Every structure is written in structure tokens, then in C-alpha cells.
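# Summary of the model geometry
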2 protein chains.
Amino acid sequence: MTADDRQGERMRLARVAWDLIARTGGEPSAEMLAHEAGISRHRLQAVFPDESDLFEAVAEIWFAPLNAMMEEVLASDLPVNRKLYEFFARRFVHVRDLFRADPVFYRTMCDLGTRHFEHARTNIDLADHYLCELIAEAQDAGHFAGLEIDRALTLINQMVACYTVPDLLPLIEHRLSEDKLAAIVDTMFAGLSARDGGSQGVKGLRAA
Amino acid sequence: MTADDRQGERMRLARVAWDLIARTGGEPSAEMLAHEAGISRHRLQAVFPDESDLFEAVAEIWFAPLNAMMEEVLASDLPVNRKLYEFFARRFVHVRDLFRADPVFYRTMCDLGTRHFEHARTNIDLADHYLCELIAEAQDAGHFAGLEIDRALTLINQMVACYTVPDLLPLIEHRLSEDKLAAIVDTMFAGLSARDGGSQGVKGLRAA
């Protein structure tokens, strides 16, 4: 069996697991998955030694279109504020569609993501990497003046968390919209910088 | 028994429930609570006809200091950007202290809040009411130009959600800090307005 064959079987089984989750609303047992895929428990065990390996493959299905969206935005010739909006908005709309199509499936996937966070983490790190590229591009164009890239990264991520944290969506989906996300991105481009605007005050400072 | 007596007994029992949650890490059964409080199940039932009534009283204990903080900030003579920062920061620090002191207790309270969201809702509505006052004050001073108050409210709430949504705190507490919150509030005062900065583009517009 070649590496390609192995990867092919791995993703075929992950797709079977994905469909089982969608159909049953819960996480499939190894028995269910082997039966549904028409293979032995022994074979399943060889492909996915434990639940975490299976979820890693399922996570690849979840994140593949999201990663493609980010790459497409980065490769585009949009102005950088348009890029930053599309970077978040396309993924938000895609994930919201998944939630709206099947809230039970969506929540099960969130639970799996929480339990096997190490695999979600890889993809979050990739999103952060791409976002850093956009921040550098924005700074080249004169935005986010004076901020370290890591500082801009964490502030931007926090300001758009409602649109990116999967577990939040079921709680606040009715309050989220593309035009509010755009207003938040506009606010960043108009106001985010290293300048101290004074909202924290001088508590803690002492005279020399 | 006067209304004051009844409210006194209600809050005494809620405090017993609070302490039981803190000690056991879980939600107390009616049996446990009656036993701990030294009253009959019948008496407990008279004070709290169902679990939701009990949680309403426990929620009063949770929210009382938070509501006091908001009122203190509103009544202060700080500049409005300082007020907005303190409005969020004081409650964030208080809630983070509760989480750090006892993460298990904190999560149990979040679960209770999710299950009896109608009581949390009352307090969220109060926070929104106070925030609207601050937004009006900021607009009088020339900030957030052109925005409807409800629009400013939802945008501000979304931009600081990491610092206010209780269920998020355990996931991202290590990334949150007062100075980042201040940078977000500074960004709002520097950049939040009704002006279309163009990040959403003109997709969907058609020529006449």
C-alpha cells in the first residue's frame, strides 16, 4: 500500500465518520464506523490507532475549505482592508451555514474540537500565520501604526472573536452579521494603533 | 412573615447553595440544600418552588457586585473613555478572580447560567441599559459619530466579548489582560463611527 493509498483510505474513513456524525448527531463508536465503512475493527485500528487520530482526519475535512478561503484572500489583489474583511467574513459565512444546516452536528463537532484541541490548534496557528501576513501588508500601507505584529494579532483576534470562535456561534448567531463584522474591521483600520488613547488612565503610575 | 423576612430567608438559602457549589464543585440537590440549611424539604420547596427560583437567587449574589461596579463607574466624574474602560475592566477582573480562585466552581456557575439563562438575561439587559447611557455620553462628547445607539451597543459588545462572555474565560483567560482591553477601548474611541471605511466593498451593489 503506497502513502497515497493510505491517505486515501484515511480520508475515506474520515468522510464516513463525518457522515455518521451528521446522521446520528453523536460521535460514532469504533464498531459503528467499521461496520459503516465495511472494514474490520482490526483494519480501522490500523488506520486510526486512537480516537484522536480519527478526529485529526475529520478536522482536515472541516478545515480544508477554511484554509482554501484564507489562501484565496491572501493571493487576491484586493486592498488590504477588503482582504482583512474577507479573511474573516468568508469563513464566518461558511461556518454559519454549517451551523444553520444542522445545529446538532455543529455542536458535536465543537465538542470533538474541544476534546481534541491539539488538532484544532494546528489550524488556528495556520490562521494566525496568515493573519500576520495581512497585518504586515496593512502596516506597509501605513495602518496599525507602531504596533508589534504579535500585539496587533492578539488585539484583532479578540475584536473579531464573535465571528471566529466556533463555540460562541450557537449562543449569539442571531446577533452576528456581515455588515457588523465590516464595521468592526473598519473600526480597526480607523483606530487601531500603538497610541495610548488614555482609556486605562494612569492608575499604578507614581511620581518619581 | 414580612416581605423582608422572606427575602432574608431567600438570600440566606441562596448563600448556602453558593457555598455548597463551591465546596462540592457540583449543583446541590434539594436534599443536600435543605439538610445544610437546617430546614425541611417542605420549607425549601415553599421558598424555591423549582430549581429556576433557586438559581434566580444565586444569580443575585453573582451579579450584585457587578451591578454595583457599573453604577459606581456611571456615577463617577471620569472622562467617558476612562468610564468605558472601567465599565468593562472592573467586572472582568472581578470575574477572572472568581475563575482563578476556583475554576470548578466557576464552570458550574456558567453551566447554571446557561441552563437558567432567563435570569442571567435580566442582568445582561441591565448592563446593556447602562452601556447605552455611556454611549450617549460619549456621543455628546463627539465620539461614535453618526451611529444609532443600538448599533454602537452591539458593535461595542462584540468587540469586547472576550472580556464579558463568562463561558469564554476558561478557554482564553491566558490571552486576556487589562492593557489589551484598554487598547480595544482606545481603538473604539479612535475609530468607531458610522463612516463606511470600505472593508466590505461593493459586492451586491449593481449599476442603475
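Residues numbered from 1 in each chain as written. Chains lettered and ligands numbered in written order. Predicted model: local features only at pLDDT ≥ 70, side-chain atom pairs only at ≥ 80, totals over all residues. Heavy atoms only, no water.

### Some remarks on the overall build of chain A
Looking only at helices and strands, chain A has 10 helices and 0 strands in total. Starting at the N terminus and ending at the C terminus, chain A contains elements arranged as α-α-α-α-α-α-α-α-α-α. In terms of overall size, chain A is more extended than a compact globule, its C-alpha atoms giving a radius of gyration of 21 Å where 208 residues would be expected to give roughly 17 Å. Along the first, second and third principal axes, the C-alpha atoms of chain A reach 70 × 40 × 35 Å. A total of 208 residues make up chain A; the buried ones form 47% of that total. Pairs at least 24 residues apart make up 68% of the contacts formed inside chain A by residues separated by at least 6 positions. Of the roughly 10,200 Å² of accessible surface on chain A, a fraction of 54% belongs to carbon and sulfur atoms. (Helix = DSSP H or I, 4+ residues; strand = E, 2+ residues; numbered from the N terminus. Rg over C-alpha atoms; globule rule 2.2 N^0.38 Å. Buried < 20%, exposed > 50% of the residue type's maximum accessible area, 1.4 Å probe, protein only. Contact = heavy atoms within 4.5 Å. Areas by Shrake-Rupley, 256 points an atom, 1.4 Å probe, with all protein chains shown as cover.)

### Brief notes about the interface of chain A and chain B
With 38 residues of chain A at the contact, the number on the chain B side is 38 residues. Counting every contact that joins chain A to chain B gives 2 salt bridges. Linking A:Arg151 and B:Asp179 is a salt bridge whose minimum nitrogen-to-oxygen distance equals 2.6 Å. Between chain A and chain B we count 22 residue pairs in polar contact (both at pLDDT 80 or more) in total. If you list the elements that add at least two residues to the side of chain A that touches chain B, you get α5 (80–101), α8 (149–159) and α10 (178–191) of chain A. If one sorts the elements of the side of chain A that touches chain B by residue count, α10(A) sits on top with 12 residues. Grouping the amino acids of the side of chain A that touches chain B by side-chain chemistry returns 16 nonpolar, 10 polar and 12 charged. (Salt bridge = Lys/Arg side-chain N within 4 Å of Asp/Glu carboxyl O. Polar contact = N/O pair within 3.5 Å; in protein donor to acceptor, adjacent residues only side chain to side chain. Nonpolar A, V, L, I, M, F, W, Y, C, P; charged D, E, K, R; others polar.)

### Quick notes on helix α7 (residues 117–140) of chain A
Residue and element names in this part refer to chain A. Across its 24 residues, α7 extends 34 Å between first and last C-alpha, which sits within 8% of the 34 Å expected from 1.5 Å per residue. Looking at α7, one finds that the buried residues are His119, Ala120, Asn123, Ala127, Asp128, Tyr130, Leu131, Cys132, Leu134, Ile135 and Ala138. Where α7 is buried, its residues contact α4 (51–75), α5, α6 (103–115), α8 and α10. Where α7 terminates, the next one or two residues include Gly142, which has phi positive at roughly 95 degrees. (Expected span 1.5 Å × (residues − 1).)

### Some points on the relation of the copies chain A and chain B
The transform that puts chain A on chain B rotates by 180 degrees and translates by 0.0 Å along the axis, for an RMSD of 0.0 Å. In symmetry terms, the pair is related by a two-fold rotation axis. Taken as a fraction of all interface residues of chain A, those also at the interface in chain B reach 100%, which identifies the copy contact as same-surface. (Least-squares fit on C-alpha atoms with pLDDT ≥ 70 in both.)

### Side note on the confidence of the model for chain A
Residue and element names in this part refer to chain A. Per-residue pLDDT for chain A averages 93, and the proportion of residues at 70 or more is 97%. Contacts from residues 204–208, a stretch scored under 50 in pLDDT, to residues over four places away or in other chains number 0 contacts. Model confidence for the complex is summarised by a pTM of 0.93, with the ipTM given as 0.92. (pLDDT = per-residue confidence, 0-100.)

### A few points about the side chain of B:Asn123
Here B:Asn123 is to be found in helix α7 (residues 117–140). Not counting the four nearest positions on each side in its chain, B:Asn123 is found in contact with B:Phe63 and B:Asn67.

### Focus: the packing of aromatic side chains
Residue and element names in this part refer to chain A. Per the stated rule, a full pass over the model turns up 14 aromatic pairs over all chains. The interplanar angle of 75 degrees and the centroid separation of 5.2 Å between the aromatic rings of Phe99 and Tyr106 together place this pair among those described as edge-to-face. Among the residues examined, Tyr106 registers a relative accessible area of 0% and is labelled buried. By the ring-pair criterion, three or more aromatic residues cluster together here, those being Trp18, Trp62, Phe99, Phe105 and Tyr106. Arg15 extends its terminal NZ or CZ atom over the ring of Trp18, reaching a point 5.6 Å from the ring centre. (Phe/Tyr/Trp six-rings, centres within 6.5 Å; stacked < 30°, edge-to-face > 60°. Lys NZ or Arg CZ within 6 Å of the ring centre and 35° of its normal.)

### Some remarks on the side chain of B:Asn67
Residue and element names in this part refer to chain B. Secondary-structure assignment places Asn67 in helix α4 (residues 51–75). The class of Asn67 is buried, set by a relative accessible area of 13%. Here the side chain of Asn67 touches Asn123 through a polar contact of 3.2 Å, side chain to side chain. When residues no more than four places from it in sequence are discounted, the contact partners of Asn67 are Asn123 and Leu126.

### A word on the pattern of salt bridges
Residue and element names in this part refer to chain A. Under the defined criterion, the tally for this structure stands at 28 salt bridges over all chains. Two residues, Arg43 and Glu9, come together in a salt bridge whose shortest N-O distance is 2.7 Å. Taken together, the residues span a long stretch of sequence, with Arg43 in helix α3 (residues 41–47) and Glu9 in helix α1 (residues 3–24) at a distance of 34 residues. The shortest N-O distance in the salt bridge between Arg82 and Glu86 comes to 3.0 Å. One end of the pair, Arg82, and the other, Glu86, are both in helix α5, 4 residues apart, so they sit about a helical turn from each other. Several salt bridges converge on common partners, so that one network encompasses Glu72, Arg82, Glu86 and Arg90.

### A look at the packing of helix α1 (residues 3–24) of chain B against helix α6 (residues 103–115) of chain B
Residues and elements named next belong to chain B. One way to put it is that α1 packs onto α6 with a least axis distance of 8 Å and a crossing angle of 125 degrees. As the angle between them shows, α1 and α6 are arranged oblique. Along this stretch, α1 crosses α6, giving a crossing that reads as right-handed. The residues of α6 that touch α1, namely those facing Trp18, Ile21 and Ala22, are Phe105, Thr108, Met109 and Leu112. Of the residues assigned to the contact of α1 with α6, the class counts are 6 nonpolar, 1 polar and no charged. (Axes fitted to C-alpha atoms, helices over the stretch in contact; angles between N-to-C directions. Parallel < 35°, antiparallel > 145°, perpendicular 65-115°, else oblique. Left-handed = near helix turned anticlockwise from the far one by under 90°.)

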